[in-house]
Amino acid sequence: MTRPRILVLGTGGTIAGSAGSATGGGYRAGGLALSAMLDAAAKLGLEAELVGEPIAQIGSQDMGWDQWSALHAACLAACGDPAISGIIITHGTDTAEETALLLDLTLPAGKPVVLVGAMRPADAVGSDGLRNLANGVAVASDPQGGGRGVMVVMGDAVFAAVDVRKAATANIDAFRGFPRGPIARVTPSQITWFGPPHRADAPAAYAWPQSLPRVAILTAGAGMDEKPVEALLGIGCKGIVLAGMGQGNAPGCVLDALAAAAKADIAVVRSSRVDEGMVERNVEVDDDAHGFVAARALGPAKARILLQVLLANGISDPAGVQAAFDNL
Ligand code: GLU
């Protein structure tokens, strides 16, 4: 039987990080070449052929348009290549949720696309990178892995892009899913899917844009005033995502300033600075009167990505933006 061929796109992160010591505290993310990781993976006896393509060697805090464009182009080509069964992206964990959602919104869902990272550098005692990569290979080569769009595999769990977020700074089980938890459990030898593919046969939901407009996240804090809203408008933001208190709240003067922005055709989305939970329309804040959009289950980082994609695709009216958040 021929082994599935998996394209591995390397971008850096802690999974490609080296501390120079098994017990040291500091390290540099992205220092190791993808080829070194694939050499180590080759010794694991995985039932797949891994084909490497380096995209970047960065910490994912520096992930942006250039890397995303290269990733999207490489994934799209691989989606159309019958010789490739699945795609793995090695990625820093800090912004894995953003890259995962951006690609999930803009790629067809036929082949599995799996982001894997690590919480501990490659040479640290108890390093989790190779295991996450082996688990990613299991997911990317599984016949049931298709139709689920982009996934993040960390800590023996598989998360869908729409659900996933980084919830801890340092533990190896740092990722959580909301509103769904993991969609599968995985080890290098076994996968248990918890449901059928949720995007079976789905084409890309949105076109890959020419660029992404400037959208900022504004975190609400007690005692703040409206000046930060004015500052964001002053630098040309086309959209503002409020990381609000509780269910997307902010002081009255801030909401008034955001409502004025919405009247001036700036898209305003209310999300929450709280770790988890829905932000629904018209509960405490009158979204209808203010012209706001409620982010529902998306946290601020992913709400920003969705809003950027919508604006880039010409969807900017509150009803259209709300429908996209509702239908995610
Ligand atoms: N800040 C780095 C990054 O996101 C390291 C964190 C990690 O990969 O776990 O790439």
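Before any of the text, the structure's been laid out above.
Please read all numbers here as calculations on a predicted model, not as lab measurements. (Residues numbered from 1 in each chain as written. Predicted model: local features only at pLDDT ≥ 70, side-chain atom pairs only at ≥ 80, totals over all residues. Heavy atoms only, no water.)

Q: Can you lay out the site of the ligand for me, pointing to particular residues and giving the numbers?
A: As a structural note, the neighbourhood of the ligand is formed by G13, T14, Y27, G59, S60, Q61, G92, T93, D94 and A118. Residue T93 places a side-chain N or O atom 2.4 Å away from an oxygen atom belonging to the ligand. Take A118: an N or O atom from its main chain is 3.0 Å from an oxygen atom of the ligand. Within the complex, 91% of the 280 Å² of free accessible area of the ligand lies under protein. A class-by-class count of the residues in the shell around the ligand yields 2 nonpolar, 7 polar and 1 charged. (Near = heavy atom within 4 Å. Polar contact = N/O pair within 3.5 Å; in protein donor to acceptor, adjacent residues only side chain to side chain. Areas by Shrake-Rupley, 256 points an atom, 1.4 Å probe, with all protein chains shown as cover. Nonpolar A, V, L, I, M, F, W, Y, C, P; charged D, E, K, R; others polar.)

Q: Describe the side chain of D287, and please don't skip the residues or the numbers.
A: On the secondary structure map, D287 appears in helix 7 (residues 287–290). A residue is classified by how much of its surface remains accessible, and D287, at 0% relative accessible area, is buried. Contacts of D287, omitting those with residues within four sequence positions, involve R270, E280, R281, N282, F292 and A294. (Helix = DSSP H or I, 4+ residues; strand = E, 2+ residues; numbered from the N terminus. Buried < 20%, exposed > 50% of the residue type's maximum accessible area, 1.4 Å probe, protein only. Contact = heavy atoms within 4.5 Å.)

Q: Pulling in residues and values, what's your account of the environment of E49?
A: In this structure, E49 sits in strand 2 (residues 49–58). Taking the C-alpha atoms as reference points, E49 and Q308, separated by 259 residues in sequence, lie 36 Å from one another. Sequence-distant contacts of E49, that is, excluding residues within four places in its chain, are made with R3, P4, R5 and I6. There is a polar contact of 3.2 Å between the side chain of E49 and the side chain of R5.

Q: Let's hear about empty space enclosed by the protein: which residues, and what values?
A: Take a probe with the size of a water molecule and roll it over the atoms, and the empty space left behind shows itself. One pass over the full model with this rule turns up 2 cavities of 30 Å³ or more. The space that makes up the largest cavity amounts to roughly 40 Å³. Around the largest cavity, the lining residues are G10, T11, G12, A16, L32, A33, L34, M37, A56, Q57 and T90. At the level of secondary structure, the elements contributing two or more residues to the lining of the largest cavity comprise strand 1 (5–12), helix 1 (34–42) and strand 2. Top contributing element to the lining of the largest cavity by residue count: strand 1, with 3 residues. Its residues placed into classes, the lining of the largest cavity shows 6 nonpolar, 5 polar and no charged. (1 Å grid on protein atoms, 1.4 Å probe; cavity = no way out; pocket = protein on both sides within 12 Å on 5 of 7 lines; lining within 4 Å. Points joined across faces, edges and corners; volume = space filled by probe spheres on them.)

Q: Please set out the pairing of strand 2 residue by residue, giving values where relevant.
A: Note that strand 1 and strand 2 share 7 bridges and pair parallel. Note on strand 2: the bridge partner recorded for G10 is P54. With helix 1 bridging strand 1 and its parallel neighbour strand 2, the resulting β-α-β unit is right-handed. (Pairing = 2+ DSSP bridges. Right-handed = clockwise from strand over helix to strand, strands pointing away.)

Q: Which residues make up the pattern of salt bridges, and what are the values?
A: Side chains that differ in sign of charge can pair as their charged atoms come close. In the structure shown here, the tally under the stated rule is 11 salt bridges. Across the pair D104 and R199 runs a salt bridge, and its minimum N-O distance is 3.0 Å. One end of the pair, D104, is in helix 3 (residues 96–106); the other, R199, is in the loop between strand 10 (190–193) and strand 11 (215–219), and 95 residues separate them in sequence. For the pair D104 and R199, a shared accessibility class is recorded, and that class is buried. Among the salt bridges present, the one from D156 reaches R131, with a minimum N-O distance of 2.9 Å. On the criterion of sequence distance, the pair formed by D156 in the loop between strand 5 (150–154) and strand 6 (157–160) and R131 in helix 4 (residues 129–140) is long-range, its members being 25 residues apart. Look at the salt bridges and you will find they share partners, linking E280, R296 and D326 into a network. (Salt bridge = Lys/Arg side-chain N within 4 Å of Asp/Glu carboxyl O.)

Q: Could you give me a rundown of the packing of helix 3 against helix 8 (residues 300–312), with the residues and numbers involved?
A: Contact pair helix 3 / helix 8: the axes reach a minimum separation of 9 Å and the direction vectors enclose 30 degrees. Seen from above, helix 3 lies across helix 8 with right-handed handedness. The segment helix 3 lies against helix 8, with E97, E98, L101, L102 and L105 engaging A301, K302, R304, I305, L306 and V309. Its residues placed into classes, the contact of helix 3 with helix 8 shows 7 nonpolar, no polar and 4 charged. (Axes fitted to C-alpha atoms, helices over the stretch in contact; angles between N-to-C directions. Left-handed = near helix turned anticlockwise from the far one by under 90°.)

Q: Describe in detail the nonpolar core, supporting the description with residues and values.
A: Ranked by size, the top nonpolar core spans 56 residues in total, and within it I88, V139, V158, V269 and F325 carry the most contacts. It is helix 8 that provides the largest number of residues to this core, a total of 7 residues. Judged by nonpolar contacts, the second largest core, of 27 residues, contains A78, I87, A100 and A161. (Core = buried A, V, L, I, M, F, W, Y, C linked by side-chain atoms within 4.5 Å.)

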